[in-house]
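# Coordinates in review
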Amino acid sequence: MEAAKKEKISVDDEAVDKNIFKNCSNIAFYRRQKKQLSKKSTCRAVLDSVTTGKDSTSFQIINKATKIPLLAEVYGLEGNIFRLKINEESPLKPRYEVRDVLTSKLSTVRLISCSGDKGSLVLADGKGDLKFHVTADPFKVDLVSEEDIVMSVNSLGQLYFEHLQISPKQRATKENEDDASVDTSQENQNDMGLWEEKFGKFVDIKANGPASIGLDFSLHGFEHLYGIPQHAESHQLKNTGDGDAYRLYNLDVYGYKIHDKMGIYGSVPYLLAHKLGRTLGIFWLNASETLVEVNTEPTVEYTLTQMGSVAAKQKVRSRADVHWMSESGIIDVFLLMGPTPSDVFRQYSHLTGTQAMPPLFSLGYHQCRWNYEDEQDVKAVDAGFDEHDIPYDVMWLDIEHTEGKRYFTWDKKRFPNPKRMQELLRSKTRKLVVISDPHVKVDPDYSVYAKAKEQGFFVRNREGRDLEGVCWPGLCSYLDFTNPKVREWYSGLFAFPVYQGSTDILFIWNDMNEPSVFRGPELTMQKNAIHHGNWEHRELHNIYGFYQQMATAEGLIRRSKGKERPFVLTRSFFAGSQKYGAVWTGDNRSDWSYLKISIPMLLTLSVTGISFCGADVGGFIGNPEAELLVRWYQAGAYQPFFRGHATMKTKRREPWLFGEEHTRLIRDAIRERYALLPYWYSLFYRAHKTAEPIMRPLWVEFPNELETFGIEDEYMLGSALLVHPVTEPKAAVVDVFLPGSDEVWYDSKTFAHWEGACTVKIPVALDTIPVFQRGGSVVAVKTTVGKSTGWMTESPYGLRVALSSQGSAVGELYLDDGHSFQYCHQNQFLNRKFLFCSGVLINSCADERGRYPSKCVVEQILVLGLRKQPSSVTTHSSGEESSHSYLIICSCKHRHISREEMISPKADAMCLPEAQLTRAFWWSQAY
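Residues numbered from 1 in each chain as written. Predicted model: local features only at pLDDT ≥ 70, side-chain atom pairs only at ≥ 80, totals over all residues. Heavy atoms only, no water.

## Examining the overall build of the protein
Counting its regular elements, the protein contains 19 helices and 51 strands. With 927 residues in all, the protein has 62% of them scored as buried. Residue pairs at least 24 apart in sequence account for 71% of intrachain contacts in the protein once pairs closer than 6 positions are excluded. Carbon and sulfur atoms make up 50% of the accessible area of the protein, which totals about 35000 Å². (Helix = DSSP H or I, 4+ residues; strand = E, 2+ residues; numbered from the N terminus. Buried < 20%, exposed > 50% of the residue type's maximum accessible area, 1.4 Å probe, protein only. Contact = heavy atoms within 4.5 Å. Areas by Shrake-Rupley, 256 points an atom, 1.4 Å probe, with all protein chains shown as cover.)

## Re the sheet that holds strand S36 (residues 715–717)
By definition, the strands of a sheet pair up through backbone hydrogen bonds, in either a parallel or an antiparallel sense. Here we have 6 strands laid out as an open sheet, ordered S35-S36-S37-S42-S39-S40, and antiparallel in their pairing. Each edge of the open sheet is held by one strand with a lone partner, namely strand S35 (695–696) and strand S40 (753–755). With 3 bridges connecting them, S36 and strand S37 (residues 721–723) associate as antiparallel partners. Considered in S37, the bridge of Leu717 is made with Leu721. (Pairing = 2+ DSSP bridges.)

## A few points about the nonpolar core
Counting residues in hydrophobic clusters, the biggest one holds 172 residues, and the most contacted among them are Leu479 and Phe567. The contact partners of Leu479, leaving out residues within four places of it in the chain, are Pro438, Val440, Ala452, Phe457, Phe458, Val459, Val486, Trp489, Tyr490 and Tyr544. Formed by 50 residues, the second largest nonpolar core is a distinct cluster that contains Phe59, Val141, Val150 and Val333. (Core = buried A, V, L, I, M, F, W, Y, C linked by side-chain atoms within 4.5 Å.)

## A short note on the packing of helix H13 (residues 592–607) against helix H14 (residues 626–636)
Close contact between H13 and H14 brings their axes to 10 Å; oriented N to C, the two are set at 10°. As summarised for this structure, H13 and H14 are arranged roughly parallel, according to the angle between their axes. Residue-level contacts link Trp592, Tyr594 and Leu595 of H13 to Glu627, Leu628, Arg631, Trp632 and Ala635 of H14. (Axes fitted to C-alpha atoms, helices over the stretch in contact; angles between N-to-C directions. Parallel < 35°, antiparallel > 145°, perpendicular 65-115°, else oblique.)

## Observations regarding the environment of Ser748
Topologically, Ser748 is positioned in the loop between strand S39 (744–747) and S40. Since its relative accessible area comes to 27%, Ser748 is described here as partly exposed. With 26 residues separating them in the primary sequence, Ser748 and Leu722 have C-alpha atoms 9.7 Å apart. Excluding residues within four positions of it along the chain, Ser748 makes contact with Val771 and Phe772.

## Some words on helix H16 (residues 677–690)
Taking 1.5 Å per residue, 14 residues should reach 20 Å; H16 reaches 19 Å between its end C-alpha atoms and fits that length. Those residues of H16 that fall on the buried side of the exposure criterion are Leu677, Pro678, Tyr679, Trp680, Tyr681, Ser682, Leu683, Phe684, Tyr685, Ala687 and His688. Positive backbone phi, approximately 70°, marks Ala691, located one or two places after H16. (Expected span 1.5 Å × (residues − 1).)

## A short note on unusual backbone geometry
A cis geometry characterises the amide bond from Gly338 onward to Pro339, with omega recorded as 15°. Position of Pro339 relative to the elements: it lies in the loop between strand S21 (331–336) and helix H6 (341–352). With an omega dihedral of 5°, the bond running from Glu514 to Pro515 counts as a cis peptide bond. Along the chain, Pro515 turns up in the loop between strand S28 (506–510) and strand S29 (530–531). Although it is not a glycine, Glu146 sits at a positive phi angle of roughly 50°.

## Regarding the sheet that holds strand S27 (residues 474–478)
Pairing is antiparallel across the open sheet formed by 3 strands, whose spatial order is S25-S27-S26. Looking at which strands have only one partner, the edges of the open sheet turn out to be strand S25 (439–441) and strand S26 (468–471). Each strand of the sheet is rotated relative to its neighbour by a mean of 55°, with strand direction disregarded.

## Points about the pairing of strand S44 (residues 797–802)
Along S44, 5 of the 6 residues are buried, which leaves the element largely enclosed by surrounding structure. Pairing of strand S43 (residues 777–782) with S44, which is carried by 6 bridges, proceeds in the antiparallel orientation. Looking at S44, one finds that Val779 is bridged to Arg800. Here 6 bridges tie S44 to strand S48 (residues 858–864), and the two strands are oriented parallel to one another. The residue of S48 that forms the bridge with Leu799 is Ile861.

## As for the environment of Gly243
Inspection of the secondary structure assignment puts Gly243 in the loop between strand S15 (224–227) and strand S16 (246–248). Excluding residues within four positions of it along the chain, Gly243 makes contact with Cys24 and Tyr30.

## Observations concerning the pattern of salt bridges
Taken as a whole, this structure holds 58 salt bridges when the rule is applied. A salt bridge links Arg95 to Glu88, with the shortest nitrogen-to-oxygen separation between them at 2.8 Å. For the pair formed by Arg95 and Glu88, the shared burial category is buried. The salt bridge involving Arg664 is made with Glu661; its shortest N-O contact spans 2.4 Å. Taken as a pair, Arg664 and Glu661 lie in helix H15 (residues 660–675) at a separation of 3 residues, close to a single helical turn. Judged by its relative accessible area of 43%, Glu661 is partly exposed. Several salt bridges share partner residues, and in doing so they unite Asp204, Arg247, Glu289, Glu327, Glu522, Lys527, Glu536 and Arg538 into one network. (Salt bridge = Lys/Arg side-chain N within 4 Å of Asp/Glu carboxyl O.)

## As for the packing of aromatic side chains
Under the defined criterion, the tally for this structure stands at 49 aromatic pairs. Considering the side-chain rings of Tyr226 and Trp699, the 4.6 Å spacing of their centres and the 15° angle between planes classify their relative orientation as stacked. Note that Tyr226 is positioned in strand S15 and Trp699 in helix H17 (residues 698–701), a separation of 473 residues in sequence. You can call Trp699 buried: its relative accessible area is 0%. Taken together, a centroid distance of 5.6 Å and an interplanar angle of 80° make the contact between Phe546 and Tyr580 edge-to-face. With Phe546 in helix H12 (residues 544–559) and Tyr580 in the loop between strand S31 (568–570) and strand S32 (582–584), this pair connects stretches of sequence that are 34 residues apart. (Phe/Tyr/Trp six-rings, centres within 6.5 Å; stacked < 30°, edge-to-face > 60°.)

## Comments concerning the packing of helix H7 (residues 375–387) against helix H8 (residues 418–426)
Following both chains from N to C, one finds H7 and H8 inclined at 5°, their axes separated by 10 Å at the closest point. The orientation of H7 relative to H8 falls into the category roughly parallel. Taken together, the residues of H8 that come into contact with H7 (itself represented by Glu375, Val378, Lys379 and Asp382) are Pro418, Arg420, Met421, Leu424 and Leu425. In terms of residue class, the contact of H7 with H8 is built from 5 nonpolar, no polar and 4 charged. (Nonpolar A, V, L, I, M, F, W, Y, C, P; charged D, E, K, R; others polar.)

## Focus: the environment of Gly221
Structurally, Gly221 is set in the loop between strand S14 (213–220) and S15. Separated by 55 residues in the primary sequence, Gly221 and Leu276 have C-alpha atoms spaced 9.0 Å apart.

## What about the side chain of Ser854?
Following the sequence through the fold, Ser854 ends up in the loop between strand S47 (840–845) and S48. With a relative accessible area of 10%, Ser854 lands in the buried category. Reaching out from Ser854, the side chain makes a polar contact with the backbone nitrogen of Cys856 at a distance of 3.1 Å. (Polar contact = N/O pair within 3.5 Å; in protein donor to acceptor, adjacent residues only side chain to side chain.)

## Considering H8
Regarding H8, the residues found buried are Pro418, Met421, Gln422 and Leu425. All buried residues of H8 lie within an arc of 95° about the axis, which places them on one face of the element. Tucked inside the fold, the buried residues of H8 contact H7, strand S23 (394–397), strand S24 (431–435) and S28. (Arc of directions from axis to C-beta.)

## Here we look at the confidence of the model for the protein
Per-residue pLDDT for the protein has a mean of 91; in total, 89% of the residues score no lower than 70. Under a pLDDT of 50 for its full length, residues 1–5 has, in the predicted model, 8 contacts with residues more than four places off or in other chains. Low confidence marks residues 172–177, where pLDDT is under 50. Its contacts with residues over four positions away, or in another chain, come to 2 contacts. (pLDDT = per-residue confidence, 0-100.)

And the structure:
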């Protein structure tokens, strides 16, 4: 490692041969499980051992071959969730269980034991609608909803559990060897990687030996599965063959291959299944390397197995089998029973939390590059946006802004006065984001390194010394974020007196936190590195980046004394990362195929809880042609996290560098993003409160329309807007599917309308991205766009009212100060509801708890879909302290409308006196 101190580190250390990454055949625990399961050994539940506690029911499971008992625990959780935990009954030492992901508010529901057959156990929730049916021999679980089996556990007999053992060197007798659950002969060791596993030049020495687990789930009647990010793959999961499993193992893969199941930067071990009439979820809570096999088979046979009244009604339809395998830990799985998509989203959020409410500025456009050279470069780029009348909110600085890649420092030559630079941005209500990676340069004169080393805050190697690896600064040590004391200390580094040169407009980007270790096995940390609690890295690899983002978000909150919302972008993530900020798709390429794959990648993140997600506009690697760049800006403007980024070896690509016409098109795309900010912000509030995804696959909004289940080139933005980005070069026409036989769709640009349940051909000149507003919706917009979100605080609102086929529409607007926690601590917010019905638009209160003063007015109202040309438009308000405002559109000879007619008993919400309707109204032509 001494050579690394002198050797220059470059981007080439990331841009490596993909052969350094494993496939399934290189993964020992995968080979062991496939080999053992081929022998068809079975397990049985010992129902004589059933015990019922306050929160759970437990029983033994015995593998017929090894005779070693496992302990199964079944929990009922509020909201139609079952939890199944399986662990060794008497492990040699404790096995790792994931901490800090689950919310602290899990509420159990007492399960009632119902009468079952002699060889079965039936547990039901209090309502009796859901049943957990355990068959003893062979061990199997059926989850029954209203007498219909919707999911089975271990129906394929793939329960697998490697028991912890004494190492071969410590075994004293042959009897011990005979009792082991796996063969430890030298020949088998070399093939199966029991105590040592070789890959390339690396040898993984396993102190605890083999410890992998596995279990299968059969989803009856399901063919469409989604989730388990992150992969550069289709939104709908594909069938896997031997050696082709989806891999969940966080890795730094520069310019990752698309349409590939290899693991990249983040892992969420959570899968959703959807069919007509039901949605289910499986959350496999395990942070070690995990593989998931998927197989879907349609069948037409009938069930012959008798299970009381259930079997008589059960027809075997299509079936999806999902096989989970993890290298270590315990089986801890949550079965989310739905039945609707929104129910499953809510159930998952009860387990892992909802999307953090972001500060408003973070929903604007972000400008990033590796690297903006110095303060003058930042100043020039910032001025360029103003000169070309392009709004943006955040300037980003990559690793070169630091003193020799020492985080929390500034390069004194390039950035001699960082506070002055930030004050320039502040004067335009803009912000700065800087990078902070988990590796720390080995340098005794660097205070962050010296203090961390002194307190023992680094990950250790298997010999007990600080682990050292190579990353951007050269030789580095890695902070052990799994240690609560390390997280607390790290959070303190963001305090203004500690982080010299930082101000309250500086926010953070966590990169390289898979963790990335150049020249390490698969460019990451050795699995036998040691963390807090003496846990090996293999146990918790996928949660490492989660912990860094947690500590960073807490640090930004602490520096404001708990008053201000943080913004933290992370590259590595795990289940629950949504609680701490945003995620992006990593080091993509400037290629049309990467623009196209970004849509299903983001949809998958969205349905697995991470709503604040995006892809680098233009592609991080390479030089996009002007057409591709324009199309990417158009797509990015309709995706939650909107950032342009490029690596250091690419040409500069600020929006005004591609000619006047392309500058205009990019400007238009960004300005449309800013015009829609009220809608975006309202969607984020809904995601924060109710776990509704912001960017939604069509099947979420139209769960009973089979045609939507496989669509991934278009999506819903909330419930009101359908977006179909153009992802092919030189496209002149795109086919857009408009769902819903009872729906009406309006082109957001031309206002042309179509009925749903059809595919329409839409002309797409380079200035066009197909966006449609759903009939029956009201979308709030800003009628004027400023330099940044901060310039638009008091800008007037507009309402785009798109009428349904019944002539009605509904929508909401959420408003608060955009930056503090006062919305939740002091109820300082407004949540307005807009309802259009029978020619009357009512502005009322959606949440009476909220109070927030605003000087904004609604300046324009655009009504789409009026059947007749209006003859008059009038407004009414119930007074300065009232709860309603009305817009009345008459399509007949005008008559006086009495106060009694206006104030109907149903209109019982509060009005926004500070946001009265003005008399500037717009409507569509009649159709």
